[in-house]
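Read off the chains here:
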Amino acid sequence: MPLLYVDLIEGRTPSEVQELLDAIHDAVVEAFRVPPRDRYQVVRTHPAHEIAALDTGLGLTRSPRLVIVHVVSRRRTRVMKEQFFKLLAANLADRCGLDSADLIVSITENGDEDWSFGEGRAQFLTGELK
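Residues numbered from 1 in each chain as written. Predicted model: local features only at pLDDT ≥ 70, side-chain atom pairs only at ≥ 80, totals over all residues. Heavy atoms only, no water.

## Notes on the overall build of the protein
(1) Moving on: Looking only at helices and strands, the protein has three helices and four strands in total.
(2) Moving on: Each helix and strand of the protein, ordered N terminal to C terminal, gives the series β-α-β-β-α-β-α.
(3) Moving on: A compact globule built from 130 residues should have a C-alpha radius of gyration of about 14 Å, and the protein, at 16 Å, falls within 12% of that.
(4) Moving on: In terms of overall dimensions, the protein has C-alpha extents of about 45 × 30 × 25 Å along its principal axes.
(5) Moving on: In the protein, 75% of the contacts between residues at least 6 apart in sequence involve partners at least 24 apart.
(6) Moving on: Roughly 7,600 Å² of accessible area belongs to the protein as shown, and the carbon and sulfur atoms make up 53% of that amount.
(7) Moving on: If the 16 positive side-chain charges of the protein are averaged to one point and the 20 negative ones to another, these points end up 5 Å apart. (Helix = DSSP H or I, 4+ residues; strand = E, 2+ residues; numbered from the N terminus. Rg over C-alpha atoms; globule rule 2.2 N^0.38 Å. Contact = heavy atoms within 4.5 Å. Areas by Shrake-Rupley, 256 points an atom, 1.4 Å probe, with all protein chains shown as cover. Lys, Arg positive; Asp, Glu negative; His and termini not counted. Charge placed at Lys NZ, Arg CZ, Asp CG, Glu CD.)

## Brief notes about the sheet that holds strand S3 (residues 67-74)
(1) Moving on: The strand order S2-S1-S3-S4 describes an open sheet built from four strands, whose pairing is mixed. Every other strand in the sheet has two partners, leaving strand S2 (40-46) and strand S4 (103-110) as the edge strands with one partner each. Going from strand to strand, the sheet's axes swing by 15° on average, the running direction of each strand aside.
(2) Moving on: Relative to S3, strand S1 (residues 3-9) runs antiparallel, the two being bridged by six bridges. Counterpart to Asp7 in the pairing with S3 is Ile68.
(3) Moving on: Sitting on the sheet, helix H1 (residues 14-32) touches S1, S2, S3 and S4, and the angle it makes with S1 is about 145°. (Pairing = 2+ DSSP bridges. Axes fitted to C-alpha atoms, helices over the stretch in contact; angles between N-to-C directions.)

## Concerning the environment of Ala93
(1) Moving on: Secondary-structure assignment places Ala93 in helix H2 (residues 78-96).
(2) Moving on: Classification of Ala93 as partly exposed rests on a relative accessible area of 34%.
(3) Moving on: Residues Ala93 and Leu103, ten residues apart in the sequence, show an inter-C-alpha distance of 9.9 Å. (Buried < 20%, exposed > 50% of the residue type's maximum accessible area, 1.4 Å probe, protein only.)

## Details of the pattern of salt bridges
Between side chains of opposite charge, a pair can form as their charged atoms come close.
(1) Moving on: The final tally for this structure, using the stated rule, is nine salt bridges.
(2) Moving on: Of the charged contacts in the structure, one is a salt bridge between Arg74 and Asp112, with a shortest N-O distance of 2.7 Å. Within this pair, whereas Arg74 is found in strand S3, its partner Asp112 is found in the loop between S4 and helix H3 (123-126), the two being separated by 38 residues in sequence.
(3) Moving on: Residue Asp112 is classed as partly exposed on the basis of its relative accessible area of 27%.
(4) Moving on: The salt bridge involving Glu128 is made with Arg121; its shortest N-O contact spans 2.8 Å.
(5) Moving on: What makes Glu128 partly exposed here is its relative accessible area of 41%.
(6) Moving on: Given a relative accessible area of 31%, Arg121 falls into the partly exposed group. (Salt bridge = Lys/Arg side-chain N within 4 Å of Asp/Glu carboxyl O.)

Below, the structure written as structure tokens:
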């Protein structure tokens, strides 16, 4: 159920993008304990000049392989979020060769009343989803 927006600098092949999305989804499923069919991902690609991503003073060096993940989700525990960050970085490193300095993640939380998955209904409120 989390809705993920993935922002990338243009230049990746379709298969590279798919591998990124699969690695991200696997981290979501494991850390947030959602069903495998709870998959909502939107990829946006940008020319390099459209993304400014410095290091907040942490001494990180970014590359054109930068991946920015914005997660919109129901509330998750601190432990779940920390596990997600760790799994996501590991999955992307192992499966996509992404340096962890090239990963930025932000989570925005909302409630059950903020979701409709179709047919004009709020399925968490109607009891169709739990």
